[in-house]
Amino acid sequence: MGNNSGDQVILATGGYDHSIKFWQAHSGVCTRTVTHPESQVNALNITPDSQLLAAAGYQHIRMYEINSSNPNPIVNYEGISRNVTAVGFHEDGHWMYTGGEDCSARVWDLRTRNLQCSRIFQVTAPVNCVCLHPNQGELLVGDQSGVIHIWDLRTDHNEQLIPEQDASIQDISIDSSANFMAAINNKGNCYVWSLTPGTKLPDGEEGSTPTQLRPKSRLLAHKRYGLKCKFSPDAKYLATTSADQTAKLWKTSDFTLHSTLQTENQRWVWDIAFSADSQYAITASSDNTARLWSIETSEIAKEYIGHQKAVTSLAFQDGTP
Amino acid sequence: MAFYDNKYWILSHVRNSFLYSDDTGMCEMILQNTDIPKNIREEGKKLWFGNLDDSEEEFDDDGRIHTRSLGNGNDDFGTRRRRLNTVVRLEKMKKEQQAAAMISTIRWKEPDLTILDEEKTKWFAKKEVVFQNSKSVLARLMAEHASDPDSPFIEYAKFDGNSQLRAPIRTIRIFLSMQTTQERNFPMTVSVIASAKVSELIGLVCYKYSQEKREPPLSGTVDNYALFIAEDDGSPDADFPCLEPKEVVGKFGFTSLALVRSTQPPKEVKKDNETTKTTDQVIADKPDDRGTVLESTDYHSFKGFLLHKVRPKTEITLGISWDQVEIKPCPTSRSVTTLLWSRPNLKPTRLPIEVIVDCVPLQTVPASVAIMYYDTDKRKWRRLRIECDIKTIEQIVAKLKFILEIRGGLYRQEYLHHMSYVSKKASLIR
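Note that the structure is predicted; figures quoted are calculated from it, not measured.

Section: the pairing of strand 10 (residues 356–362) of chain B
Residues and elements named next belong to chain B. For strand 10, the buried fraction is high: five of the seven residues fall into the buried class. One ladder, built from six bridges, connects strand 10 with strand 11 (residues 368–375); its direction is antiparallel. Along strand 11, the bridge assignment pairs Leu 362 with Ser 368. Hairpin connection between strand 10 and strand 11: a loop of five residues separates the two successive antiparallel strands.

As structure tokens, this is what we get:
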């Protein structure tokens, strides 16, 4: 901290112990703990200006200052009846999106307090995950009934996709170039589609047609519950994490297994993030520990120890976003 | 919720305050026989809890302010009275309110369906996806810090009370006996979560020690270290055994402790074993450390047998520190054999360093060492003979001589003078 924000590495973890910890990523030292009262932390994300950390919990989304010693949140978004399971931001920070067990995905206007441009998208099952397409105009919403909804925010047009019957969608990821989309389900299966950007209509006024998806690959990634999937920034790897106590890295060139990140004490792997150069991955696990892995060697480079209970989510920003 | 507008609450608050703040017990005797008038009580309860079951006599949980059995919590050490729960609670509520005032709350508002298309296009338009290859700051930092050794004690970092919220913590000053006297004047202040074990506190201290890059670096595991109650000057109080590593830190109320390195991992007290080891056997790590460790003014203790003129020897611990030499019979040797062998009248003795005049190894079999001192009561020179192995003798002599050279007083001068006179005389005779 104290560096200019472009050089800042931010690592925050949260979980069942009702606290969020900030870490010095390269040394493993916990620099700060903030309170997250009355709720576990379901998801974490950092605002595009690197100033705030958003934590999604039961009925709330709380915002914490990153460069401060304030142990309390500064903004509390509420009015949701159940768990908030996903949180993220438009790349320019205009709005925030969330998804929750109240069967809806929401867009919160961050510019004004009265939520001028708020939006809501209702589905029939609790929402497990929401992913923003890099084009900043489509939200991919995965629910417990196994449906992936592609919601075009501009037109409100939406499409459904059911990769597997009776399997809850746990997480969705799109790589930064928007070539692939991956979704992992509670059976541990991961589906990959290749994406074709929607074409612009001639008059330009009406925006564009939705992104087209073509099934690309089906990975029998894990034998147990799948939890997260994420593409590396260079799109060379797809990471999947699971209740089988491992995280796996798949090569996107042919979707074969590259390596398995596992260690004796590790339990459920709830979350994963990559360094900007795709050389390191950080995992969050039920054994109260987050770990930094070297992707080249699949070995642990650092451990972040300090949580009293399972670590279920992490937010990581490696320098300039 | 019920507060100051509730008669019952106020009355019972006042009563309990009396009961609780009165040491003589007089208030309790008087108040015991009088009760709050029934009508006030029932009305108050209704106000507080609404229509709650009348049979409930004492309030539970939140009604903690009402229970009379407010005795000291088991985490309360010493005689200091805890503050009234009510005061603590009110303060906590106030703090929470203040904190809440700092948080701005934004409630979800059902979206305006008449949102203009222009607005939609403005805020939700799709962008061109551009791939940006960014450099990793983490990778740079990892490379820069690649040579930093990982502390072997990092697993204990989680017991740091500073990075915990809400969990009860203990803040303890730790004197680090392995550091030089100068540095030892600056003890380390450690916050530890109260539920940690003593061994985990040791690990945390070792972790912070390595984080702060203190010298000399620590090695080994937490089993190589022990925590003692610290005296005012920070030296370990050898009259007490070290804190049992398996005990929970919250049990103790000490604000100052001293970390010392022990040679053996702590062992369970063995029965029927004459040579039971205790963790307060604090001697130099390795022979080559002698220069630094023994030539210090830290407290060190050594095992040996005190030899007597008539009776057999007694197993003792010889403690040498900056101010004094102490001899105490081994505290843990309680087996029958040792009881028979030890002199029942041997009490722990302390000799101030000023009366110690010399320390010499004796050429006896088995090896022993003599510590010469001036008995100020009987006004004569005396000596103590301690039997131990040769290595320990070397260490005792080195350590004591080092301290004597700095601190030797009048008695030592007189003694040395006397000895040089004697030897001169002897050479003259020869």
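There's more to say after this.
Considerations on the nonpolar core
All names here are of chain B. Core analysis: the largest hydrophobic core is formed by 32 residues, its most contacted members being Ile 174, Leu 201, Leu 227 and Leu 259. When contributions to this core are tallied by element, the ones reaching two or more residues are strand 2 (169–176), strand 3 (188–193), helix 8 (198–211), strand 4 (225–229) and strand 5 (256–261). Excluding anything up to four places from it in sequence, Leu 201 contacts Ile 172, Val 190, Val 192, Leu 227, Val 249 and Leu 257. By size, the runner-up hydrophobic cluster in this structure holds 25 residues, among which are Phe 302, Leu 351, Leu 384 and Val 397.

Describing the sheet that holds strand 2 (residues 19–24) of chain A
Residues and elements named next belong to chain A. Pairing is antiparallel in the open sheet, where four strands are placed in the order 3-2-1-28. Edge strands, defined here as strands with exactly one partner in the open sheet, are strand 3 (29–35) and strand 28 (311–318). Neighbouring strand axes in the sheet, compared pairwise and without regard to direction, differ in orientation by 20 degrees on average. Of the strand pairs in this sheet, strand 2 and strand 3 are connected by six bridges, and their pairing is antiparallel. Among the inter-strand pairings, Ser 19 is bridged to a residue of strand 3, identified as Thr 35.

Here's the deal with the packing of aromatic side chains
Inspection of every chain in the model, using the stated rule, returns 14 aromatic pairs over all chains. Between Trp 108 of chain A and Trp 108 of chain B, the ring centres sit 4.8 Å apart and the planes meet at 70 degrees, which makes this aromatic pair edge-to-face. You can see Trp 108 of chain A sitting in strand 10 (residues 104–109) and its partner Trp 108 of chain B sitting in the loop between strand 1 (104–107) and helix 5 (117–124), one on each of two chains. Taken as a pair, Trp 108 of chain A and Trp 108 of chain B share a single burial class, namely buried. A ring pair is formed by Tyr 374 of chain B and Tyr 411 of chain B, whose centres lie 4.7 Å apart and whose planes are at 20 degrees; its orientation type is stacked. Separated by 37 residues along the polypeptide, Tyr 374 of chain B in strand 11 and Tyr 411 of chain B in helix 12 (residues 410–429) bring together distant segments of the chain. Residue classification places Tyr 374 of chain B among the buried positions, given a relative accessible area of 16%. Linked through ring pairs, Tyr 16, Tyr 225, Trp 268 and Trp 270 of chain A together constitute an aromatic cluster. The positively charged end of Arg 106 of chain A is found above the aromatic ring belonging to Trp 108 of chain B, 4.8 Å away from the centroid. In this structure, Arg 119 of chain A packs its charged tip against the face of Phe 124 of chain B, placed 4.8 Å from the ring centre.

How each quantity is defined
- Residues numbered from 1 in each chain as written.
- Chains lettered and ligands numbered in written order.
- Predicted model: local features only at pLDDT ≥ 70, side-chain atom pairs only at ≥ 80, totals over all residues.
- Heavy atoms only, no water.
- Buried < 20%, exposed > 50% of the residue type's maximum accessible area, 1.4 Å probe, protein only.
- Helix = DSSP H or I, 4+ residues; strand = E, 2+ residues; numbered from the N terminus.
- Pairing = 2+ DSSP bridges.
- Core = buried A, V, L, I, M, F, W, Y, C linked by side-chain atoms within 4.5 Å.
- Contact = heavy atoms within 4.5 Å.
- Axes fitted to C-alpha atoms, helices over the stretch in contact; angles between N-to-C directions.
- Phe/Tyr/Trp six-rings, centres within 6.5 Å; stacked < 30°, edge-to-face > 60°.
- Lys NZ or Arg CZ within 6 Å of the ring centre and 35° of its normal.

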